[in-house]
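Spelled out, the chains give:
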Amino acid sequence: MASGGIRMWAVVLAWLAAASQAVAADGSAELRAACDAADIQQMLVEAPSIDARGHWLNRRLLLWPAVTATGRFKLYHSAAGRLDARAGHQVSGFDRVVPLVLRAAAMPPALAGRFGYLGSGLLLALPESAVARLPELLRGQMLLVQEDGRGQVLQATGLQAAAALDDLYAKAAAAPDLGVSVVAGRRTGFKLWAPTARAVHLCHYASGAAAALQALPMRRDASTGIWSLRLPSDLSRGYYSYLVETHVRGVGRLRNRVTDPYSLSLSADSRRSYIADLAEPALKPAGWDALQLPDRVKRNTEMVIYELHVRDFSINDASVPEAQRGKYLAFTATDSRGMRHLRALSEAGLTDVHLLPVFDIATVPETGCALPEVPAAAPDSEVQQAAVMALAERDCFNWGYDPLHYSAPEGSYASDAMDGARRIIELRQMVQALSGAGLRVGMDVVYNHTAAAGQHEKSVLDRIVPGYYQRYDAQGQVERSTCCDNTATEQLMMGKLMEDSVLLWAREYKVTSFRFDLMGHQPRAAMERLQARLQRELGRPVQLIGEGWNFGEVADGRRFVQASQLSLNGSGIATFSDRARDALRGGGAADGGEDLIRRQGWLNGLHHEPNAMGGAATHEDLLRAADLVRVGLAGSLRGYELQTFGGERRRLAQIDYAGQPAGYASAPGEVVNYADNHDNQTLFDINALKLPQQTSREDRARVQLLGMAVTAFSQGVPYFHAGIETLRSKSLDRNSYDSGDWFNRLDWSLRDNYFGTGLPPKSDNGANYALLRPVLNNPLIKPEPAQIRWTRDAFLDLLRIRASSSLFRLDSAAAVQQRLQFHNTGPQQNPLLLVGELDGRGLAGAGFERLIYIVNVAGTSQSLYLASARGLAYRLHPVHRAPQAADKRPAEQAGFEPQTGRFTVPARTALVYVLN
């Protein structure tokens with residue numbers, strides 16, 4: 001997802017510093033006009049662009065990496081932003097200069113752990129007498145300068161000040177009421193953390209569009225850096241913003257008009273923050289306070305998660321009132337096809353709906369968004385994507401991984417984005433409706449980056465405390481490894497913002513679990529503090545899961561111990577496991593070109609049923625993939641022992657996965673298992689590419705079911721992308737974040753899966769068009785309604801099977817090691833059969849004495865002899881035996897012979913036998 005290039009707004013006024021200070025002293029008409037200005041900022045004094053190779057380590061110490069100890073080192077300051085530090089000249093334009101002390105000692109160990117990534121350099125210190133002046137210095141322009149003996153500049157650099165701010169204003173982390181707070185009928189308070197600001201004014205508006213009523217100065221608390229204002233009246237349902245006067249490195253001294261990073265709601269398109277008391281009865285739908293959340297989950301492994309996008313859910317559902325389609329309120333249409341579908345999933349065993357971001361996002365116009373007219377065209381035509389992408393920047397769709405305000409609901413999903421109250425009320429109504437269907441509500445949250453930084457119009461945090469909230473490289477450039485402008489949750493107030501925001505969603509909107517986007521870019525310590533705080537303040541468990549990928553500037557613990565796959569064991573926080581995912585699907589998430597087809601997986605024909613490009617795969621490749629699928633079935637547990645295809649018995653941590661240990665978790669609740677999610681091609685689409693092209697529609701549906709079955713049978717948290725059970729296709733799109741409704745549609749009438757609705761958007765897929773065209777044109781691939789209905793019904797049966805026994809949701813590594821064993825392993829195995837046996841003796845909720853699941857990926861029936869099953873009365877699971885079972889083949893074609901221990905499993909079938 002692109003956040004858009006940083007665009008600098010034109011200078012509105014170039015004022016003298018003295019004049020600006022005089023204006024700031026009163027609530028003049030000029031200030032009210034600034035509150036109303038369409039422009040985001042006013043530039044007061046321009047400054048030359050400069051890097052920031054100097055680093056504050058705390059309030060006393062600085063590090064200048066890769067600099068030799070020659071000459072003198074000084075800190076220059078200008079309140080007006082007029083410093084001129086050209087090499088070969090003396091510094092001019094300063095109002096203060098502080099000589100620095102060269103420290104011979106090494107960096108203290110406590111600081112080395114945080115700043116070791118910077119490497120060696122000069123350690124400099126403020127004189128003790130200057131430390132007390134640092135808060136004032138940080139509110140202006142500062143340069144770190146190396147001078148020769150004549151006082152001429154050898155080199156100069158700006159400074160990264162986050163650590164100094166954390167040290168000076170640590171008390172701010174305990175502030176309980178940043179943002180707006182209302183005492184009903186009595187007063188309204190405003191608090192903004194802006195320790196480097198020269199002045200802050202509150203702009204107050206009666207509505208989202210009216211002119212400012214007043215522009216009032218706020219008071220700064222020197223110990224916390226928090227600016228506050230308390231007004232003796234209840235201003236609920238009004239709006240506000242801030243005028244923040246501050247200095248920005250490389251830009252100058254600015255006065256930004258900016259919304260509140262703690263906004264509870266906003267006016268349309270996030271122009272103004274909304275004044276609200278979330279406890280006010282008018283903001284609660286009827287019955288909200290009495291709402292009892294579904295009591296289905298006590299621990300991670302009891303979750304069964306369905307990942308869903310709010311707009312996708314209903315925009316294409318004609319059974320939803322037109323005004324509610326694509327909105328929060330669509331979930332309140334209890335008799336719609338979509339809600340009937342969700343209730344059926346819930347009744348079968350689904351516990352959680354995880355919503356793609358519903359916080360305020362930057363990329364969807366909340367009023368006047370465009371709807372493309374997509375022409376009818378051939379399955380492999382480019383005209384559909386051209387029509388969609390022509391309006392992509394102005395249309396009504398985006399996944400939403402571009403945060404603007406972390407704690408306010410997104411307005412494009414509300415019935416009236418102009419009214420800050422509607423999004424609050426209607427999001428709560430959505431939670432109510434899903435709770436009424438027996439489903440808990442989870443949120444996808446994105447605290448690892450912002451939509452923009454600097455002086456971009458979609459930047460909030462960085463225009464209030466410049467240089468603090470984002471993560472920077474050693475030269476002072478914003479890191480963008482996540483796609484966008486990375487945040488630094490290792491810093492005190494960014495970590496607090498994340499904690500406060502998550503707690504608000506859990507408390508005020510009754511969200512029960514959270515999925516953290518790119519969680520590996522955050523410290524484990526920050527996630528554990530959040531976990532403990534949620535439990536402490538809410539008195540109920542809130543499940544935390546996330547992407548634990550290890551990459552970018554924080555990779556391998558370079559800056560801190562990450563909340564990543566290999567670093568979270570023992571925390572109880574779960575990460576998505578790519579081990580079985582890749583083995584099932586084939587290849588990797590970044591594949592392109594012929595690898596999209598050549599690199600088959602265990603599900604779609606690796607070695608045993610090669611496609612036109614897959615003939616190079618070996619029997620050993622298939623054996624290795626089968627072992628990695630078993631890793632997933634065993635919860636990717638570090639210590640679980642498995643006989644590998646080589647014959648050795650190894651712990652899963654000793655099995656290789658792309659140079660990493662395949663087993664990495666300490667408990668099954670620390671792993672999320674999945675075969676597809678919103679990222680990358682859907683499971684149906686990846687199989688469309690990798691299965692032999694002559695594979696029938698019926699067999700494609702069966703392969704889809706096998707992918708879901710492996711997820712359902714795996715220890716850990718099962719996670720399903722919405723539509724996996726309806727053969728969802730995005731017409732081979734590998735990245736549909738901005739591909740509009742056309743490529744993200746769902747059809748709850750179960751008539752279409754939207755395969756072959758045009759080539760996917762060129763930006764992410766164009767290089768592969770030559771490979772995609774013949775696949776989209778293959779008439780054997782697109783399912784008919786019968787296959788879609790069958791897959792949905794078979795998925796319901798899978799949910800029922802998982803829900804029938806606690807053996808599928810064991811909660812400790814010891815229990816998995818004790819109760820789960822795999823058959824058909826080692827060098828003589830049939831790698832087309834996965835066979836797991838679970839021992840239910842003495843386990844509450846097991847339902848069965850023993851349970852055997854078998855997954856046959858082959859295109860033919862397979863048999864297996866288990867000596868341990870001889871003489872035992874194994875029967876098919878009751879779900880398979882039921883007359884209404886979707887898949888009739890287990891009851892009609894499978895078999896078990898007690899006298900020999902022989903199991904017979906039909907082609908491409910997953911089944912379960914039980915011993916009562």
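Structure: above.
We now turn to the structure provided with this report. (Residues numbered from 1 in each chain as written. Predicted model: local features only at pLDDT ≥ 70, side-chain atom pairs only at ≥ 80, totals over all residues. Heavy atoms only, no water.)

Before going further, it helps to examine the overall build of the protein chain. In terms of regular secondary structure, the protein chain is built from 24 helices and 43 strands. For 916 residues, the compact-globule formula gives about 29 Å, and the C-alpha radius of gyration of the protein chain, at 30 Å, lands near that figure. Its C-alpha atoms give the protein chain principal-axis dimensions of about 95 × 60 × 55 Å. Burial statistics for the protein chain: of 916 residues in total, 63% are counted as buried. Within the protein chain, counting contacts between residues at least 6 apart in sequence, those at least 24 apart form 75% of the total. Looking at the protein chain as shown, the accessible area adds up to about 31,000 Å², and 51% of this sits on carbon and sulfur atoms. The distance from the centre of the 98 positive side-chain charges to the centre of the 95 negative ones in the protein chain is 4 Å. (Helix = DSSP H or I, 4+ residues; strand = E, 2+ residues; numbered from the N terminus. Rg over C-alpha atoms; globule rule 2.2 N^0.38 Å. Buried < 20%, exposed > 50% of the residue type's maximum accessible area, 1.4 Å probe, protein only. Contact = heavy atoms within 4.5 Å. Areas by Shrake-Rupley, 256 points an atom, 1.4 Å probe, with all protein chains shown as cover. Lys, Arg positive; Asp, Glu negative; His and termini not counted. Charge placed at Lys NZ, Arg CZ, Asp CG, Glu CD.)

At A66, a residue that is not glycine, the phi angle is positive and equals roughly 60°. Along the polypeptide, A66 turns up in the loop between strand 3 (61-65) and strand 4 (72-78). Residue class for A66 comes out exposed when judged on its relative accessible area of 77%. Residues other than glycine seldom take positive phi values, yet D556 does so here, at roughly 60°. Here D556 shows up in the loop between strand 28 (543-546) and strand 29 (574-576).

Next up on the list: the environment of Q324. Secondary-structure assignment places Q324 in the loop between helix 7 (310-314) and helix 8 (337-348). For Q324 and S415, which are 91 residues apart along the polypeptide, the C-alpha to C-alpha distance reads 7.1 Å. If we skip the residues at most four places from it in the chain, Q324 touches S314, L329, A330, T332 and A333.

The next point concerns the sheet that holds strand 40 (residues 875-876). With antiparallel pairing, the five strands of this open sheet are ordered in space as 36-37-38-43-40. The outermost strands of the open sheet, each flanked by one partner alone, are strand 36 (820-823) and strand 40. Sheet analysis places strand 40 next to strand 43 (residues 909-915), joined by two bridges and oriented antiparallel. Paired with L876 across the bridge in strand 43 is Y913. (Pairing = 2+ DSSP bridges.)

Let us look at the pattern of salt bridges. In total, this model carries 62 salt bridges according to the counting rule given. In this structure, E245 engages R253 in a salt bridge whose closest nitrogen and oxygen atoms are separated by 2.5 Å. The residues E245 and R253 share a single accessibility class, namely buried. In this structure, E382 and R773 form a salt bridge, with 2.9 Å as the shortest nitrogen-oxygen distance. (Salt bridge = Lys/Arg side-chain N within 4 Å of Asp/Glu carboxyl O.)

Moving on, we come to the packing of aromatic side chains. Taken as a whole and judged by the stated rule, the model has 29 aromatic pairs. On the basis of an interplanar angle of 70° and a centroid distance of 6.3 Å, the ring pair of F359 and Y406 is categorised as edge-to-face. Here Y406 lies in strand 23 (residues 403-409) and F359 lies in strand 22 (residues 359-361), a separation of 47 residues in the sequence. The same class applies to F359 as to Y406, namely buried. With a centroid separation of 5.1 Å and 90° between ring planes, the pair formed by Y468 and Y469 is classed as edge-to-face. Grouping aromatic residues by their ring pairs yields a cluster made of F359, Y406, Y447 and F516. We note R272 situated over the ring of Y205; from NZ or CZ to the ring centre the distance is 3.6 Å. Residue placement shows K510 over the ring face of W288; its charged tip is 4.8 Å from the ring centre. (Phe/Tyr/Trp six-rings, centres within 6.5 Å; stacked < 30°, edge-to-face > 60°. Lys NZ or Arg CZ within 6 Å of the ring centre and 35° of its normal.)

Judged by nonpolar contacts, the single largest core of 228 residues is most densely connected at W56, F331, F514, F516, W602 and F713. Residue contacts for W602: discarding those within four places in its chain leaves A583, L584, H608, L622, A625, A626, V629, P831, L832, L834, V855 and V857. Within the second largest apolar cluster, 16 residues are counted, among which are I852, L876, L911 and Y913. (Core = buried A, V, L, I, M, F, W, Y, C linked by side-chain atoms within 4.5 Å.)

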